[in-house]
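# Structural characterization, general
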Amino acid sequence: MGLLGYFRSDKPQKSSAKSAKDRLQIIVAHEHKNAMCPAYLPEMQKEIVEVIRKFMKISNNDVKCEFSDNADDDMSVLEVNITLPKNK
Amino acid sequence: MAKVIVVTSGKGGVGKTTSSAAIGSGLAMTGAKTVIIDFDIGLRNLDLIMGCERRVVYDFINVINGEANLQQALVKDKRIHDLYILPASQTRNKDALTKEGVEKVINTLKADGFEYIICDSPAGIEQGAMMALYFADEAIVTTNPEVSSVRDSDRITGMLSSKSYRSEQQLDPVKVHLLVTRYCPERVQREEMLSIEDINDLLGIELLGVIPESKDVLSASNLGEPIILNQDSDAGKAYQDAVDRLQGIERDLRFVTYEKKSFLSRIFGG
């Protein structure tokens, strides 16, 4: 490393503290979302699949349950999304 | 009214025991009868930090199991009049801590006139840590300005609001305070370390204090003296500020900005 390197080493390209904060913001938000989910959600998802399977051919991945809790509203939303095979 | 305060963090090695010792000592120095309980069953450490390891006869688990009474197990501090330590057991495993047992000991301490009951939590989120926080009225979440520590602090804050006695009984929630330790203003200024503002944004907990990185902390633990007794040290002063704030006294934040030493003061040591 020459003289130029000496001056450069003083200025790192991107601050590592900024990366730390960005990564944490994502992971913390994600974990909060998971923590809010009711514990019965996976079991309910399984049972919904069972019921639909009595009538149609679907796989476990075709049912998606998502729970969201908006701090601003005074209600929680449970979204159940079922992908059905094409009706022939 | 007695207050149960848990010192917790999730992650290990961030300064829970150092902080418990310092804050417990600081509270006792105001004349309030204070006990610090070591919940780290199997790995007793608080007695060493407090310098009373040679006077431990009975421990917390002995009291829970009825093998000794509380008076026999409490170790009285030799420097601070109103301070007592309840050491952890080294031989039992952490399942020896039962909710009923811990509750009985805390209630006996309250009946004995203790004003502050400081619970020094072990790391992790297992039985020992859960028991340490279960009966808390207030919590001091100890955090290093470092990614894994911040994440774990967030987890433990969630547990305080869902797995404590106060949450289960739907009482007022546990009052959570943030204590940032090993803070290095110089590295924050170089953007190599998360700043107080960053940590505040991420965790959203009321700030109790910021303890600067300091060599004096290791010296204090070498000697078995709580760091708060060293009032020449920045870390000792910062802990004193935190103790004052805990009692509702306003204190400005100190030791959080880096002032670059001028060329001359570097030479003359000013």
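See above for the structure.
Here's what I pulled together on the structure shown here. It should be emphasised that the depicted structure is a prediction, and the values quoted were computed from it without experimental measurement.

## Focus on the overall build of chain B
When you go through chain B residue by residue, the secondary structure sums to 13 helices and 8 strands. Taking 18 Å as the expected radius of gyration for a compact globule of 270 residues, we find that chain B reaches 18 Å, a close match to that expectation. Principal axes of the C-alpha set define a box for chain B whose edges measure 65 × 40 × 35 Å. Within chain B, buried positions represent 53% of all 270 residues. Within chain B, contacts between residues separated by at least 24 positions form 73% of all contacts whose residues are at least 6 apart in sequence. Only carbon and sulfur atoms are counted for the fraction: they give 47% of the accessible area of chain B, which is about 12500 Å². In chain B, the 31 positive side-chain charges and the 39 negative ones have mean positions that sit 3 Å from each other.

## Observations concerning the overall build of chain A
Check the secondary structure of chain A and you find 3 helices and 2 strands. Written out in order from the N terminus, the α and β elements of chain A read α-α-α-β-β. A burial count over chain A gives 18% of its 88 residues as buried. As presented, chain A carries roughly 7600 Å² of accessible surface, and 55% of it is formed by carbon and sulfur atoms.

## Quick word on the environment of Thr143 of chain B
Residue and element names in this part refer to chain B. Tracing the sequence through the fold places Thr143 in strand β6 (residues 138-143). The contact partners of Thr143, leaving out residues within four places of it in the chain, are Ser149, Val150, Ser153, Leu178, Leu179, Val180, Thr181 and Leu203. Reaching out from Thr143, the side chain makes a polar contact with the side chain of Ser153 at a distance of 2.8 Å.

## Quick word on unusual backbone geometry
It is generally the case that most residues other than glycine have a negative phi and that most peptide bonds are trans. Residues and elements named next belong to chain B. Positive phi is not limited to glycine here, since Arg182 has a value of about 60 degrees. For Arg182, the location among the structural elements is in strand β7 (residues 175-183). Phi is positive for Phe255, close to 60 degrees, though the residue is something other than glycine. With respect to the helices and strands, Phe255 occurs in the loop between α12 (234-246) and α13 (263-268). Here Phe255 falls in the partly exposed class, since its relative accessible area comes to 22%.

## Focus on the interface of chain A and chain B
Of the residues lining the interface, 11 residues belong to chain A; the matching set on chain B comes to 12 residues. Connecting chain A to chain B are 3 salt bridges. Across the salt bridge formed by Lys21 of chain A and Asp198 of chain B, the nearest N and O atoms sit 3.4 Å from each other. Across the chain A-chain B interface, the total number found is 7 residue pairs in polar contact (both at pLDDT 80 or more).

## Comments concerning the pairing of β6 of chain B
All names here are of chain B. Within β6, 6 of the 6 residues are buried, which leaves it mostly tucked inside the rest of the structure. Neither face of β6 is left uncovered, since the one carrying Glu138, Ile140 and Thr142 and the one carrying Ala139, Val141 and Thr143 both have all their residues buried. With 4 bridges connecting them, strand β1 (residues 3-8) and β6 associate as parallel partners. Note that in β6 the partner of Val6 across the bridge is Ala139. Of the pairings in the sheet, the one linking β6 to β7 comprises 6 bridges and is parallel in character.

## Overview of the sheet that holds strand β8 (residues 206-212) of chain B
All names here are of chain B. Taking strand neighbours across the sheet as the criterion, the 8 strands line up as β3-β4-β2-β5-β1-β6-β7-β8 in an open arrangement whose pairing is mixed. Only two strands of the sheet have a single neighbouring strand rather than two, namely β3 (75-76) and β8. Where β1 lies against strand β5 (residues 116-120), 5 bridges are found, and the strand directions are parallel. Within the sheet, the bridge partner assigned to Ile5 lies in β5 and is Ile118. Set on the sheet, helix α1 (residues 16-29) makes contact with β1, β2 (34-38), β4 (83-86), β5, β6 and β7; between it and β5 the angle comes to about 170 degrees. Together, β1, β2, β4 and β5 form the strand contacts of helix α5 (residues 99-111), whose direction differs from that of β5 by roughly 150 degrees.

## Focus: the pattern of salt bridges
Two side chains of opposite charge can pair, provided their charged atoms sit close to one another. Per the stated rule, a full pass over the model turns up 15 salt bridges over all chains. Where salt bridges share partners, they join Glu186, Arg187, Arg190 and Glu192 of chain B into one cluster.

## A short note on the side chain of Thr157 of chain B
All names here are of chain B. Structurally, Thr157 is set in helix α7 (residues 147-160). You can call Thr157 buried: its relative accessible area is 18%. In terms of polar contacts, Thr157 uses its side chain to reach the backbone carbonyl oxygen of Ser153, at 2.6 Å. Not counting residues up to four positions away in its chain, the partners in contact with Thr157 are Val141, Val176 and Ile205.

The rules behind the values
Residues numbered from 1 in each chain as written. Chains lettered and ligands numbered in written order. Predicted model: local features only at pLDDT ≥ 70, side-chain atom pairs only at ≥ 80, totals over all residues. Heavy atoms only, no water. Helix = DSSP H or I, 4+ residues; strand = E, 2+ residues; numbered from the N terminus. Rg over C-alpha atoms; globule rule 2.2 N^0.38 Å. Buried < 20%, exposed > 50% of the residue type's maximum accessible area, 1.4 Å probe, protein only. Contact = heavy atoms within 4.5 Å. Areas by Shrake-Rupley, 256 points an atom, 1.4 Å probe, with all protein chains shown as cover. Lys, Arg positive; Asp, Glu negative; His and termini not counted. Charge placed at Lys NZ, Arg CZ, Asp CG, Glu CD. Polar contact = N/O pair within 3.5 Å; in protein donor to acceptor, adjacent residues only side chain to side chain. Salt bridge = Lys/Arg side-chain N within 4 Å of Asp/Glu carboxyl O. Pairing = 2+ DSSP bridges. Axes fitted to C-alpha atoms, helices over the stretch in contact; angles between N-to-C directions.

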